[in-house]
Amino acid sequence: IAVVLDQTPFYGEAGGQVGDTGVLQGDSCLFEVTDTQRDGELLLHVGHLRSGSIGPATSLIARIDSDRRSGIRRAHSATHLLHHALHKVLGSAAMQRGSKVEHDALRFDFAHKQPVTDEELRNIEDEINARISEGALVSTELMDLESARAAGAMALFGEKYPDRVRVVRMGDFSTELCGGTHLANSGQVGLCRIISEDPVAKGIRRVSAL
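Note that the coordinates shown come from a computational prediction; the quantities given were computed from them, not determined experimentally.

We now examine the nonpolar core. By size, the foremost hydrophobic cluster in this structure holds 27 residues, and its most contacted members are Leu81, Leu82, Leu86, Leu90, Phe110, Ile124 and Ile128. Of all the elements in the fold, those that place two or more residues in this core are helix H1 (66–90), strand E7 (105–111), helix H2 (118–134), strand E9 (164–170) and strand E12 (204–209). Ranked by the residues each element gives to this core, the list is headed by H1, at six residues. Excluding anything up to four places from it in sequence, Ile124 contacts Leu82, Ala85, Leu86, Val89, Leu90, Val116 and Ile194.

Written as structure tokens, this is what we have:
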């Protein structure tokens, strides 16, 4: 079943980032959240009632699987580092066309007309890990869309954005529109290793990394 709360710390799947898992616990019930999805403005805590009963006005304590969330934060911040590295090594035409951010794993689709060479992949990975070792500050700010564009924030092609958007900055090298969860600094990623680079459609390549 799906449970809707009046407020929640759970992240609903969006922007390529998977939804949180965890538990909702009351005085006489335990609900296991196996996924969190969005339906318009609602966040749906999808899962199984393991004990007791649950209904309108039930008071619950919501607990995210924090270890999994930490891995997702590492992968999402690493995704922004990868986007930066692609631009630096391959050029500004290597724009994002999609992504999937999971627990310590990511995949990233981008525009590029030919296979990425082994040397380019090494340079991309080296650039990512150089920015990790830099330990650059990660900051978030809500601002109007025009101000975000003026600040140079990269937006996802074809995506519709509200009038006020969330801007995620990493050091002086990455500024993107993003509603996802991130680290406090790039050093917390630890290490990023590219494991594959493949074609997914005409003019679109996919990098997978851990």
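Next, the rest of the story.
This brings us to the sheet that holds strand E8 (residues 138–144). The three strands lie next to each other as E8-E9-E10, forming an open sheet whose pairing is antiparallel. In this open sheet, the two edge strands, each paired with only one partner strand, are E8 and strand E10 (174–177). Direction aside, the axes of adjacent strands within the sheet are offset by 25° on average. Where E9 meets E10, four bridges bridge the pair, whose relative direction is antiparallel. Within E10, the residue paired with Met170 across the bridge is Ser174. Where H1 meets the sheet, it contacts E9 and E10, and its direction lies at approximately 75° from that of E9.

Parameters at a glance
- Residues numbered from 1 in each chain as written.
- Predicted model: local features only at pLDDT ≥ 70, side-chain atom pairs only at ≥ 80, totals over all residues.
- Heavy atoms only, no water.
- Core = buried A, V, L, I, M, F, W, Y, C linked by side-chain atoms within 4.5 Å.
- Buried < 20%, exposed > 50% of the residue type's maximum accessible area, 1.4 Å probe, protein only.
- Helix = DSSP H or I, 4+ residues; strand = E, 2+ residues; numbered from the N terminus.
- Contact = heavy atoms within 4.5 Å.
- Pairing = 2+ DSSP bridges.
- Axes fitted to C-alpha atoms, helices over the stretch in contact; angles between N-to-C directions.

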